Amino acid sequence: MITTRERHRNILDFALSSLGRRAGRNLSLLTMYCLLIFVLASLLFFVSALKREAARLLEDAPDLVVQRLVAGRQDLIPENYGAGIAAIRGVAHVEPRLWGYYFDSWNGANYTVIASDKPTVKDGIAAIGSGVARSRKIHAGELFPLRSPGTEPLLLEVGAIFPGTSDLMAADLIILTPSDFHTLFNFPQGKFTDLAVTVTNRKELPMVAAKIAALYADSRPILKSEIQRTYQSIFDWRGGMILLVLLSAVLSFIIFAWDRATGLSAEERKEIGILKSIGWDTSDVLLLKFWEGCAISLPAFLCGVIAAYCHVFFFSAPFFSPVLKGWSILYPQFQLVPVVDISQLLVLFFFTVVPYITATIIPNWRTATMDPDAAMRS
Amino acid sequence: MITLNNVTKTYSLSKPGEYTAVHDVTVELPARQITVFKGPSGSGKTSLLTLIGCMVRPTSGRIHLHGMAEQFPFQKDESAPLEITGLPERFLTTIRRTTFGFIFQQCNLITGISVLENVMLPAYTTGERLSKVRERALLLLEQFAVVRHAHRRVDLLSGGEAQRVAIARALINNPTILIADEPTAHLDSKLSHEFMEIVFRLKQEGKTVLIASHDPIVTDSVQRDRVVELRDGVICEQGSNR
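Residues numbered from 1 in each chain as written. Chains lettered and ligands numbered in written order. Predicted model: local features only at pLDDT ≥ 70, side-chain atom pairs only at ≥ 80, totals over all residues. Heavy atoms only, no water.

Draft legend 1. The overall build of chain A, seen in detail. A count of helices and strands for chain A gives 13 helices and 13 strands. Looking at the 378 residues of chain A, the share that counts as buried comes to 47%. Surface accessibility of chain A: about 18700 Å² in total, with carbon and sulfur atoms responsible for 64%. (Helix = DSSP H or I, 4+ residues; strand = E, 2+ residues; numbered from the N terminus. Buried < 20%, exposed > 50% of the residue type's maximum accessible area, 1.4 Å probe, protein only. Areas by Shrake-Rupley, 256 points an atom, 1.4 Å probe, with all protein chains shown as cover.)

Have a look at this one:
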């Protein structure tokens, strides 16, 4: 009596020993397959981890940011806007913010400069991101000059350097006091870059935003969720760009795999004929080819995914980071928190393993449905 | 017993190059005997064997297997002969697996794998435990004096050794009928005589043996029971040894 389990086991056993017969061919296929999975899985892991990291860091961002637009461009917002917005029902707190960008002609990098009242910074003492420290080759306690519109450069002491864990958001950051900020940019008093608004009930955010827009026609309220979406889109877009570049590699692999999987030689057709003549059913032959396909694609997928995991989460993805982390000269250096999106892995599986196995089975199916004699002669 | 009634096989039917290999053949092949099909190349011997062995379907005519119906659950009337020409492919596979053992002219062993694996191959799909199949395969290899090569690749065997391995493979599922197509084509006379002795032994064990050959060592052998001579796809002569 035929037991299905034994039949599968026996045919799998034969499939595995069969692979050794075309060792060179199968090894090259396995290597290419593995490489492709490695690249694609690295990309997926990296983009997912970056998006998660960005989302985590944005958790502390204000519910709502209000900017002022003049002639369609962002302009400084007057202090009295803050008082007006604070009077709106549902607004818990309004914080005027001072921030901007500083172009460092010394190394061509752009820094994000933020004014803060926090005790970590004092007049003449700033906290900087690790990217700034690296690019300027400075350490805590050292002085560094920043060119200001005045005659004298602003000389700041490095009070603290942000840890690498916050590198994604803080690599290019300089935090200084409002007074130093005004000096550095010759920033007008009584004006701010934007306003950070906190509401008592987050469900009312769209309503509060609408009220602000109605109160100040030249204002632009930006919700936290919109900022989060923008970040997600940026990483998706960058991931898509890489994927596009990789498309040629993917296509090459598909052609290669198709050729390898579909190109049944006369010897292979004869073998199918022999198997059928000695009592193998069409389904037995297909099962053999299925297991052969699995024996190539599953280890390749597994190795590729494991290698990608190590590449991204243990070695910080040296192949992709310059493109995906930012366009700036200051590449953030940080260890990504391991995060694996199972649904994305499943998609990768279905777009690589399933087509390969199918491409292996179909041409064999054509031969396997022939009479044994015809298959041997074909 | 196997009976063929008005069996015709035409290849490339209604196509350019249409060719009738077997033409209106009617013959009875007794069980537990050695029947030799002789004739020149292209006389239809191989085609006839492939038809009997369910490896190809006849264009017309019927083939019956007598006294074997009880082996197959799909045969409702166990007393009636089993008509194999109209059976679906899955039933033909079962018959090929359980009833026939094939020995091909070129041995048709699967290259790149071991002798033992080749012998075990027909039993892989039966669902039997591999350990049992391996045991049986080793016994057969021992019986045919090639057990020392069990773990060697078949590509490294001599013609005679490969032929013995092919016989062992044909017998792994203990078939009732053994079909051999030009089995001595690549053997020297000593090995050809040895082959006939093996076949004779199998007949004594109760197997029906059908051989297609134009080798005089086979066709004129004292061990054969019956000779059917073919020419241009037609039986021109048949007779018994005794």
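There's plenty left to go through after this.
Draft legend 2. Structural context of the interface of chain B and chain A. If you look at the interface, chain B gives 29 residues, while chain A gives 29 residues. Taken over both partners, the interface formed by chain B and chain A buries close to 2600 Å², and the fraction arising from carbon and sulfur atoms is 55%. The interface formed by chain B and chain A holds 3 salt bridges in total. Across the salt bridge formed by B:Arg97 and A:Asp284, the nearest N and O atoms sit 3.4 Å from each other. In this structure, the connection of chain B to chain A is made through 13 residue pairs in polar contact (both at pLDDT 80 or more). Top element by residues in the side of chain B that touches chain A is helix H2 (residues 89-98) of chain B. It accounts for 5 residues. For the side of chain B that touches chain A, the per-class residue count stands at 12 nonpolar, 8 polar and 9 charged. (Contact = heavy atoms within 4.5 Å. Buried area = accessible area lost by both parts, 1.4 Å probe. Salt bridge = Lys/Arg side-chain N within 4 Å of Asp/Glu carboxyl O. Polar contact = N/O pair within 3.5 Å; in protein donor to acceptor, adjacent residues only side chain to side chain. Nonpolar A, V, L, I, M, F, W, Y, C, P; charged D, E, K, R; others polar.)

Draft legend 3. A look at the side chain of B:Thr208. With respect to the helices and strands, B:Thr208 occurs in strand S8 (residues 208-212). A relative accessible area of 4% places B:Thr208 in the buried class.

Draft legend 4. Representation of the sheet that holds strand S5 (residues 82-83) of chain B in the model. Residue and element names in this part refer to chain B. Read from one edge to the other, the open sheet built from 4 strands follows the order S2-S1-S4-S5, with strand pairing classed as antiparallel. Each edge of the open sheet carries a strand with a single partner, namely strand S2 (19-29) and S5. Of the strand pairs in this sheet, strand S4 (residues 60-65) and S5 are connected by 2 bridges, and their pairing is antiparallel. Within S5, the residue paired with Leu65 across the bridge is Leu82. Strands in contact with helix H1 (residues 45-52) are strand S1 (2-11), S2 and S4; relative to S1, the strand with the most contacts, it is inclined by about 120°. (Pairing = 2+ DSSP bridges. Axes fitted to C-alpha atoms, helices over the stretch in contact; angles between N-to-C directions.)

Draft legend 5. Molecular detail of the confidence of the model for chain B. For chain B, per-residue confidence averages 88 on the pLDDT scale, and 94% of positions sit at 70 or higher. Across the interfaces of the predicted complex, the ipTM metric reaches 0.86, alongside a pTM of 0.70. (pLDDT = per-residue confidence, 0-100.)

Draft legend 6. Focus on the environment of A:Ser277. With respect to the element layout, A:Ser277 can be found in helix H9 (residues 266-277). A C-alpha to C-alpha distance of 25 Å links A:Ser277 and A:Ala295, two positions 18 residues apart in sequence. Beyond its immediate chain neighbours, meaning those up to four positions away, A:Ser277 contacts A:Pro372, A:Met376, B:Met55, B:Arg96, B:Phe102 and B:Phe104. A polar atom in the side chain of A:Ser277 sits 2.7 Å from the backbone oxygen of A:Ile274.

Draft legend 7. View of unusual backbone geometry. Non-glycine residue A:Ala71 carries a positive phi angle of around 55°. Here A:Ala71 shows up in the loop between strand S1 (64-70) and strand S2 (73-75). A residue is classified by how much of its surface remains accessible, and A:Ala71, at 81% relative accessible area, is exposed. Residues other than glycine seldom take positive phi values, yet B:Ala145 does so here, at roughly 60°. Along the polypeptide, B:Ala145 turns up in the loop between helix H4 (130-143) and helix H5 (159-171). Of the residues examined, B:Ala145 reaches a relative accessible area of 45% and is grouped as partly exposed.

Draft legend 8. Structural detail: the environment of A:Asp13. Here A:Asp13 shows up in helix H1 (residues 4-19). For the pair formed by A:Asp13 and A:Trp291, sequence separation is 278 residues and the distance between their alpha carbons is 9.2 Å. With residues near it in sequence (within four places) discarded, A:Asp13 still touches B:Tyr124 and B:Leu130.

Draft legend 9. Quick peek at the pattern of salt bridges. Residue and element names in this part refer to chain A. Here the structure, examined in full by the defined rule, presents 24 salt bridges over all chains. For Asp194, the salt bridge goes to Arg97, with nearest N and O atoms at 2.9 Å. Placement of Asp194 in strand S12 (residues 194-199) and of Arg97 in strand S4 (residues 91-97) is noted, with a sequence separation of 97 residues between them. Among the residues examined, Asp194 registers a relative accessible area of 1% and is labelled buried. Arg97 gets classed as partly exposed once you look at its relative accessible area, which sits at 25%. Through salt bridges with shared partners, a single ionic network connects Arg21, Arg22, Arg25, Glu268 and Glu271.

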